[in-house]
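# Secondary and tertiary structure notes
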Amino acid sequence: MGAKRKHSEAIEESAEAEEYHKERREEEKTSRKRQVLASTIKNKDKRSAVYAKLKQEKKRDKRKKAKSREAAEKRALELGEELPPKKAPRTIENTREVDETVCKPDDEELFAGNDADEFSGILKQEVIPKILITTCRFNSSRGPAFISELLSVIPNAHYFRRGTYDLKKIVEYAKNKDFTSIIVVHTNRREPDALLVMGLPDGPTAHFKLSRLVLRKDIKNHGNPTSHKPELVLNNFTTRLGHRVGRLIQSIFPQDPNFRGRRVVTFHNQRDFIFFRHHRYIFETKETKLTEIKAKKTTEKDKEKEDASAPQGKTIARLQECGPRFTLKLVSLQHGTFDTKGGEFEWVHKPEMDTSRRRFFL
Amino acid sequence: MPRTIAVDCPGCPPIRALTFDTLGLIKVIEARRVDGNQGNVSSPKVVERWGEPNSSNCILAASIDDRRIDPLLALARKSGLIEVINPLNGDIRVSAKSDVGSDDDSVVGIHLFRRERSESSSSRSHTLLTTTTKGAATLRSLELADSSADSLISDSLKTWRVCSSGDVSCSAVDGNECFALYGGKGVEVNVWDLEKCDKIWTAKSPPKDSLGIFTPTWFTSATFLCKDDPRKIVAGTNNHQVRLYDIASQRRPVISFDFREASIKAVTADLDGNTVYFGTGSGDLASADMRTGKLLGCFIGKCSGSIRSIVRHPELPIIASCGLDSYLRLWNTKTRQLLSAVFLKQHLNVVLVDSNFEDEGRAPYAVTEAPSNEEHEVIQNLDGEVEDGHVLPVKRKKASKDKQQNKLKPKKKNKKRVQAEGDG
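Conventions we followed
- Residues numbered from 1 in each chain as written.
- Chains lettered and ligands numbered in written order.
- Predicted model: local features only at pLDDT ≥ 70, side-chain atom pairs only at ≥ 80, totals over all residues.
- Helix = DSSP H or I, 4+ residues; strand = E, 2+ residues; numbered from the N terminus.
- Buried ≥ 20, exposed ≤ 12 C-beta atoms within 10 Å, placed from the backbone.
- Contact = placed C-beta atoms within 7 Å.
- UniProt positions renumbered as here; feature names shortened; annotations may be inferred.
- Pairing = 2+ DSSP bridges.
- Axes fitted to C-alpha atoms, helices over the stretch in contact; angles between N-to-C directions.
- Nonpolar A, V, L, I, M, F, W, Y, C, P; charged D, E, K, R; others polar.
- pLDDT = per-residue confidence, 0-100.

### Some words on the overall build of chain B
A count of helical and extended segments in chain B gives 3 helices and 29 strands. Across the 424 residues of chain B, 44% fall into the buried class. Long-range pairs, those at least 24 residues apart, make up 47% of the contacts in chain B between residues at least 6 apart in sequence.

### With respect to the UniProt feature "repeat: WD" (unreviewed entry) in chain B
Those residues carrying the UniProt feature "repeat: WD" (unreviewed entry) are residues 300–341 of chain B in this numbering. Secondary structure content for residues 300–341 of chain B is 0% helix and 52% strand, while the C-alpha to C-alpha distance between its ends is 12 Å.

### Some points on the sheet that holds strand 13 (residues 167–173) of chain B
Residue and element names in this part refer to chain B. With antiparallel pairing, 4 strands are arranged side by side in an open sheet as 13-14-15-16. The open sheet has two edge strands with one neighbour each: strand 13 and strand 16 (198–202). Within the sheet, the average angular offset between the axes of one strand and its neighbour, ignoring direction, is 30 degrees.

### So, helix 8 (residues 240–250) of chain A
Side chains three or four residues apart in an α-helix point the same way, a direct result of the helix having 3.6 residues per turn. Where burial is concerned, most of helix 8 of chain A is hidden: 10 out of the 11 residues are buried. By the burial criterion, the buried members of helix 8 of chain A are A:Arg240, A:Leu241, A:Gly242, A:His243, A:Arg244, A:Val245, A:Gly246, A:Arg247, A:Leu248 and A:Ile249.

### Quick word on the interface of chain B and chain A
Taken together, the 25 residues of chain B in the interface contact 24 residues of chain A. Among the residues making up the side of chain B that touches chain A, the classes are represented as 8 nonpolar, 12 polar and 5 charged.

### With respect to the pairing of strand 25 (residues 307–312) of chain B
Residues and elements named next belong to chain B. Within strand 25, 5 of the 6 residues are buried, which leaves it mostly tucked inside the rest of the structure. Sheet topology note: the strand 25/strand 26 (residues 318–323) ladder contains 5 bridges and is antiparallel. Looking at strand 26, one finds that Ser-309 is bridged to Cys-322. Between strand 25 and strand 26, which pair antiparallel one after the other, the connecting turn spans 5 residues.

### Concerning the sheet that holds strand 17 (residues 219–224) of chain B
Residues and elements named next belong to chain B. Across the sheet, 4 strands lie side by side as 17-18-19-20; this open sheet has antiparallel pairing. One side of each edge strand has no neighbouring strand; the edge strands of this open sheet are strand 17 and strand 20 (255–258). This sheet shows a mean twist of 15 degrees between the axes of neighbouring strands, independent of strand direction.

### Quick notes on the confidence of the model for chain A
Residues and elements named next belong to chain A. Here chain A averages 85 in pLDDT, while 83% of its residues score no lower than 70. In the model, residues 1–13 has pLDDT below 50 throughout and makes 5 contacts with residues more than four positions away in sequence or in other chains. Counting contacts from residues 297–310, a segment whose pLDDT is below 50, to residues more than four positions away or on other chains yields 4 contacts.

### Some words on the environment of A:Thr135
Residue and element names in this part refer to chain A. Looking at the element boundaries, Thr-135 is found in strand 1 (residues 131–135). We classify Thr-135 as buried; it has 21 C-beta atoms within 10 Å. Along the sequence, Thr-135 and Glu-109 sit 26 residues apart, while their C-alpha atoms lie 37 Å from each other. Those residues in contact with Thr-135 that lie beyond four places of it in its chain are Gly-143, Ile-147, Arg-162, Val-184, Val-185 and Thr-187.

Okay, here's the thing in structure tokens:
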């Protein structure tokens, strides 16, 4: 069949249309017979034949639709009209369940709440963040490597060996030493698998699942970060809970980045997974090379596009990834510092919440 | 086709609830009938917000005296301020700075007495009982005048120390307002007679278990089980246990059972005198029958944050719960179904229900519109119903007392006596 279709395409379009009409007529004839549902046909051969036909029809329709759309676009271009609007594909994110907890920019209570919360001191730059990083009791191989990279990512971070201390004791110690956050890297079978981020002295405790960790040396063409204070990008933390988690993350980093360092740390939230990336960027003005590329492209493409091309000597940003790469997923957010037994949770993930794929909490 | 809208909850009957949050805001949530008495009920909404957001204003405890005439609401703030407001319009009637507003000593419980305690000349004198973390319980008298300048909270009628060490974290006053109970971290549940101001009973911690491990005392919530009977106490511990104490029988818990893994943060008794509702630090809400100690069921509704307060509606079969997930949730107690959830943006500490709402809801209308005869009738009918409602508990009381007498005997020790009775 495919060969036949190709053949028909090779011939002129009109011929194809004719053929199409012919087929259509045939179909109409058969359609009366095919009023019965295909799935009710008991003979497998016949059933599969009907299915094959259905499938073929569907494919043809789709191709026809695409063709007509393309034609409309082309005509609009020729006539200088506005292009027909492109349809946005429906994704899980843009069909997300409506959530009343999504923060709105005109919510004064939100800002009042922000002023009153545990991080406001750090975020208003009254307190300089000072981070204590420690591990679980048994720690080896990728754990220490990950911590050494975290130390290079987070300024003013100090690693303390865990020893056999209780976490609550460590919290007390850190409070006395004026630390503002504690990060605990939990490893399981020599692989970091959880991250505990704790605000001090009374900030919340967030428990993240850590996955897909790639260390610096495993990243191709990685760069080595400088000791400048990084910039921070927090993406898509929309709900109240997300906002709070975002502020918790924000309170780990200093609020006055050195822009000369051109380091940027990204926490990108997508479908409740928080992706961590660490880059160094550079702005470059490569006139000659740019124009060359443009020239090549223009020869291939239409002439209209040449007019629309950007002015010469455009600056471009190039990224070089450095530092680790990992993914976080929030498991629970606890009110107060670490206390598993008597603690109060602000948010815990429960299985009864997973009744829809389109419900997100951050 | 993906479902892009949230599932609607069934509406709830007309109700008015007040929530108190960590920013010191008081929010009034009302569900009203849409048109007259047709039965169409709008979903609960925030109708009013009182106070300015400020973290030092955080409300720690509140108590309502929801009388038909001149209701009052007492609340304690983190800054040490004790305020008495009108729950209908939020006007501050009295506010006073308590002497206990120091750093690590804050009010954990406040109770506004419904009946007149002191037989003073003015009929508008009220009594307030406050308890602090360090265990200082204070009875204050309240003089209310027409303007807030004239009225005042007197310093203290009586003060006593509940405990010498430990932190008090819960307090409750029984239905007849004669007894108060306290419990906390390192403080066993103890009951005080409010007339004489002396301790009449203290609980004893349960014995060591088979491994010789002793769990330190840490009560996080407590309440009297029956409204009319101050002898039965239900307490929730940090060690995720719910315990029933009976003053009449023994000092150790009569019934004790575990519930899941998080500490019990709120316990509320039902009106029937044997059901309790309790909420945990990880957002589980359940009810149990305290006669048997069996779990009746859990309230399921995507409740994700610690439950700080549960309150039972005095007439309707509804409980309201609130907590750190900033939702006020209304549940049906019989079906354990979520009726409605309202997002209130802040961490909520206390929720209270205004039981006289049905006629209150009408009162503002009556002011704006000319009250028709029908409405008067409705109000009268309602009054009648309410009176019936008042009659009912008396009946219930009798029944419950009978039950207690029947029940106390077998419960007093253990099954031996029951068996003996059965044999005889």
